Amino acid sequence: MFAAVVAHLVLAAVLPALTGRLGRTAFLLAAAAPAATFGWLVVRIPAVLDAATATRAAGGGHGAPAGDLLVETLTWAPTVELEIVFRLAPLALLMALLVTGVGAAVLVYSFAYHAPHAADGGLPVPGSAGPGRASAALLAFAGAMLGLVLADDLFTLYLFWELTTVFSFLLIGQDGVSAPGRRSAVQALLITSVGGLAMLFGFVLLGQAAGTYRISRIVAAPPSGAVVTAALVLVLLGAATKSAQIPFHSWLPAAMVAPTPVSAYLHAAAMVKAGVFLVATLTPAFAGVVGWQVPAVALGAATMLLGGLRALVQTDLKRLLAFGTVSQLGFLTALVGFGSRTAALAGATLILAHGLFKAALFMVVGIVDHQAGTRDLRDLSGLWRSVPVVCGGAVLAAASMVGLPPFLGYLGKEAAFEALVHGGAGERALLAVFVAGSCLTTGYALRFLWGAFGARPGAPPSAVARPAAVFVAPVVVLALAGLGLGIAHRGVDRLVAAYADGFPAGAARYHLALWHGPGWPIALSAVAVAGGVLVFAAAAVPPRRLSARLPDLLDAQRGYERAVRALDWSAVAVTGRLQTGSLPAYLGVILLTALAVPGTALVTGASWPDDLPWWDYRIQLPLAVGILLASLAVVRARSRLTATLLLGAVGYGIGALFVVDGAPDLALAQFLVETLSLIVFVFVLRRMPVRFSTADRSSPLRLPRIAVAVAVGVFVAGFAIVTSGSRAGMAQPSQEFIARSPGETGATNVVNAILVDFRAFDTLGEIAVLAVAALGVASLLLARTPQGRTIDQLLGPADRRAEEPVRARSVLLEVTTRAVFPVVLVFSLYLLFAGHTRTGGGFSGGLVAGLAFVLRYIAGRRRRVGAAVPVVPIAVIGTGLVVAATAGLAPALLGDPVLESYVFKGDLPILGHVELVTSLFFDVGVYLLIIGVVLELLRTLGTAVDKEADAEIEAGRERVDEIA
């Protein structure tokens, strides 16, 4: 299972690079991953059913473990019980078959869909992201959805839940050029991600209440109480946003701007099923909880009616199917949330049936739009003559959607009626809603067939070319699958019953069958079909008043737009009052908050150490005095450059204290960071006034600022002393690190072992934050400069030829730099490789290498650094992150925890005795990322600012020449 998910994601990552050679054939290559996974899942069906049978025979519940054969665990952080767990339960198997099977069909369909668009004179599909990005995004989404349905851990489920949100955003937005596509993508992202955050909070509450985050264990032994009820409401909120339940359903019709393959997959068989799947997964444990069952059934019933009514008045075939999907998602949510065995059986059956017929119908719309150039039913007429096979596939799929025998949809709908027909008043009310919703389903199904293929009176037949066989084949396969599975219902019954048997069976165990004899279910099915015909006849020429008012009365899109406008207005109002543009005000708020919260705790609850020496070594006293004098001088400095140099003196003094305390690694890092900080300050100061403004010295706020600064200084000093003294008499983590480093990490440099072994996860997070910060600063400074360019490319040809006569050059410095530059780079590599046993490491080595490039910049200006760095700094940053993350994830392939390191010792020919620690590769990633950050600083604060300054000088010269 883990290998299948990884295969999807890895293949998706390499597909864009192959597009140049493959073209739209990339879709066929992408289809190989879900097709192979589908075959593997089919082979696993007997094992899953046998495991479910064994579990029931042993008296276990629905969530009882199904054996190690069907469970895979990837340990992430064992000490805090973070792990990725996949489990092939019956419901997960059904969903995985749907995700992979329909996914493969959609990717094959995409191969034909992305052929030159017939209606656009042979041009590519308008708005599409192109075969490379489109195939990669679809396959990545398939991998994320597969991981979601297989997840047996709440955090694992949430991880893949959010991945599907991100990939759906990319798929809906496509190339990002179309404004409607961008709006719809943002709408889907906002609605589903907000619901996902609420769901995450619910997951935390539920996991804490249950004492475990394993879904199977929670379902096997469900917790109870008010906290659990609140958690379930939050989880249901996330499911409702994902599966487009009212009032969160507006994103689904809006997403119809996406290409049809996206709609056929995300909005028919995959993404929108995630919420229904989550409800179906937890209902066996919480069916009796009012806060779960009642909202799920009520939301589902209301959504079914609303979606059906909205579908009847649509003229766009895709929007008609979109509102039909909303309606059927409501039907599914109500069924799987009801909490009886027969309802669960019906829900699981209809999940499968809906994925098949709705994906096929969306594909039909794509073919019609591709060949005819429109999907407006008012412009289509007699299309069944031109594309009879497509029409036949649409009829088969629509018959399953309506619920005609012997299709799979009929079996599920009859089971749904059976689940409610013998209940009380509440069940009968819900049954009436289901029958009414089924009438609407029949009505808009007929409207779809009539609009797409029927002959309109007085309108000439739409003459279109017949589509290619590969274009039609996925439609026919999915439509026939709905028919074939209906006929071979015994196999389907075994699979869905394996899930439904987790519920109380009642007096008799219901099974899927084409004929149960006369009774209410068959009679209600007939009523639904007959009523749907009447609804279609009435809606064929809808009354003007109804058609004009119904969309406005039930249009959630307007509610979403008003909510977004209100949010924008409130954000502007809050920002206008708080974001005044005053840096002192911002710093004051931050510092006062630090004084008010932790400062109060320090004063009221801290205990001062009893034995506090003034110094450990006498040399610390003059160093401290020097630091204090430099700090006071900074405050009194009038020149910006002077203040910068004095700040550097403070930093170097602190580094000297590290040397005295026996911390050479910290001292080296401090010296390097301080040096680079000085250079960055100088880069910035070139574009600022030489002296500070004297206006603030007479400001009435000067004394309060001084008071705040002094108070914060006292607080920080006191906090450092108290926290250091509080460790007295306690177990020292540093002692544990020192004791474990040689044996567990093979390191004698404990500092480096902590960074790349013991607390490597912290380091990975820190370098990720550093990368994001660097890219954010670059995007602000180079907002008008094309991104993704090397420093050399940032310069024009004239810049590379110019000798910069205005600025003086130091030939001695340039020659010296040429000699020193490679030496410094070699020294940086020494620090990188020596860090595990001696002073150094990836961070220090990266800073030294970065300083080498800075030295080359200072000596030769941007001409020299551009020639020395023919790479994109962002690419170097990304490579560093990828290398570090890959080195951290690699142990998982061997079944060990993430970021686990290995020590290899042995004698090799020529090289002799070799000791290699795998954490070195993690350190290499850190090294590359630091170099990339420094290069990005050179690109933004160095090269780009130089070019801007030269442009201003040149403009000044031209003005002088004009005046002269």
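Residues numbered from 1 in each chain as written. Predicted model: local features only at pLDDT ≥ 70, side-chain atom pairs only at ≥ 80, totals over all residues. Heavy atoms only, no water.

Q: I tried to follow the overall build of the protein on my own but got confused; where do I start?
A: A tally of regular secondary structure across the protein gives 38 helices and four strands. In the protein, buried positions account for 48% of the 964 residues. Residue pairs in contact within the protein that sit at least 24 positions apart in sequence constitute 79% of those at least 6 positions apart. Entry remark: accessible area of the protein is about 43500 Å², with carbon and sulfur atoms responsible for 68%. (Helix = DSSP H or I, 4+ residues; strand = E, 2+ residues; numbered from the N terminus. Buried < 20%, exposed > 50% of the residue type's maximum accessible area, 1.4 Å probe, protein only. Contact = heavy atoms within 4.5 Å. Areas by Shrake-Rupley, 256 points an atom, 1.4 Å probe, with all protein chains shown as cover.)

Q: Looking at this structure, I do not really get helix H37 (residues 873-889). What am I missing?
A: Note on helix geometry: an α-helix contains 3.6 residues per turn, so any two residues three or four positions apart are oriented the same way. Taking 1.5 Å per residue as the helical rise, H37 with its 17 residues ought to reach 24 Å, and the 24 Å between its terminal C-alpha atoms agrees with that figure. Residues of H37 that are buried include every one of Pro873, Val876, Ile877, Gly880, Ala884 and Gly888, and no others. Seen from one end, H37 has its buried residues packed into an arc of 105 degrees, which puts them on one side. (Expected span 1.5 Å × (residues − 1). Arc of directions from axis to C-beta.)

Q: Explain the packing of aromatic side chains here, please?
A: Two aromatic rings are characterised by how far apart their centres lie and by the angle between their planes. As enumerated under the stated definition, the model contains 14 aromatic pairs in all. Ring geometry for Phe155 versus Tyr213: centroids 4.7 Å apart, planes at 25 degrees, classification stacked. In this pair, Phe155 is assigned in helix H5 (residues 154-173) and Tyr213 in the loop between helix H6 (179-210) and helix H7 (215-220), connecting sequence segments 58 residues apart. The class of Phe155 is partly exposed, set by a relative accessible area of 29%. Consider the rings of Phe827 and Tyr830, whose centres lie 6.2 Å apart with planes at 20 degrees: the pair is stacked. Taken together, the positions of Phe827 and Tyr830, both in helix H35 (residues 811-834) and three residues apart, correspond to about one turn of that helix. By relative accessible area, which is 42% here, Tyr830 ends up partly exposed. By the ring-pair criterion, three or more aromatic residues cluster together here, those being Phe2, Phe86 and Phe160. Lying across the ring of Phe111, Arg24 places its NZ or CZ 4.3 Å from the centre. (Phe/Tyr/Trp six-rings, centres within 6.5 Å; stacked < 30°, edge-to-face > 60°. Lys NZ or Arg CZ within 6 Å of the ring centre and 35° of its normal.)

Q: Teacher, can you tell me more about the pattern of salt bridges here?
A: When the charged atoms of two side chains with opposite charge come close together, those side chains can pair. Taken as a whole, this structure holds ten salt bridges when the rule is applied. Of the charged contacts in the structure, one is a salt bridge between Asp501 and Arg341, with a shortest N-O distance of 2.8 Å. Here Arg341 lies in helix H14 (residues 341-372) and Asp501 lies in the loop between helix H20 (489-500) and helix H21 (520-540), a separation of 160 residues in the sequence. In terms of burial, Asp501 and Arg341 fall into one category: buried. One network of salt bridges, with partners in common, ties together Glu83, Asp152 and Arg214. (Salt bridge = Lys/Arg side-chain N within 4 Å of Asp/Glu carboxyl O.)

Q: Looking at this model, I keep getting lost on the packing of helix H3 (residues 90-113) against H14. Mind explaining?
A: Closest axis-to-axis distance for the H3/H14 pair is 10 Å, and the angle between their directions is 5 degrees. Classified by the angle their axes make, H3 and H14 are roughly parallel. In contact with Leu94, Met95, Leu98, Val102, Ala105, Val106, Tyr109, Ala112 and Tyr113 of H3, H14 contributes Ala348, Ile351, Leu352, Gly355, Leu356, Ala359, Phe362, Met363, Gly366, Ile367 and His370. When grouped by side-chain class, the residues that make up the contact of H3 with H14 number 17 nonpolar, three polar and no charged. (Axes fitted to C-alpha atoms, helices over the stretch in contact; angles between N-to-C directions. Parallel < 35°, antiparallel > 145°, perpendicular 65-115°, else oblique. Nonpolar A, V, L, I, M, F, W, Y, C, P; charged D, E, K, R; others polar.)

Q: What is the right way to read the side chain of Thr333 from this model?
A: Along the chain, the position of Thr333 falls in helix H13 (residues 317-338). Among the residues examined, Thr333 registers a relative accessible area of 5% and is labelled buried. Among the polar contacts made by the side chain of Thr333, one reaches the main-chain carbonyl oxygen of Leu329 at a distance of 2.8 Å. With residues near it in sequence (within four places) discarded, Thr333 still touches Gln245, Val276, Val279, Ala296 and Gly300. (Polar contact = N/O pair within 3.5 Å; in protein donor to acceptor, adjacent residues only side chain to side chain.)

These values are about where atoms sit, not about what they do.
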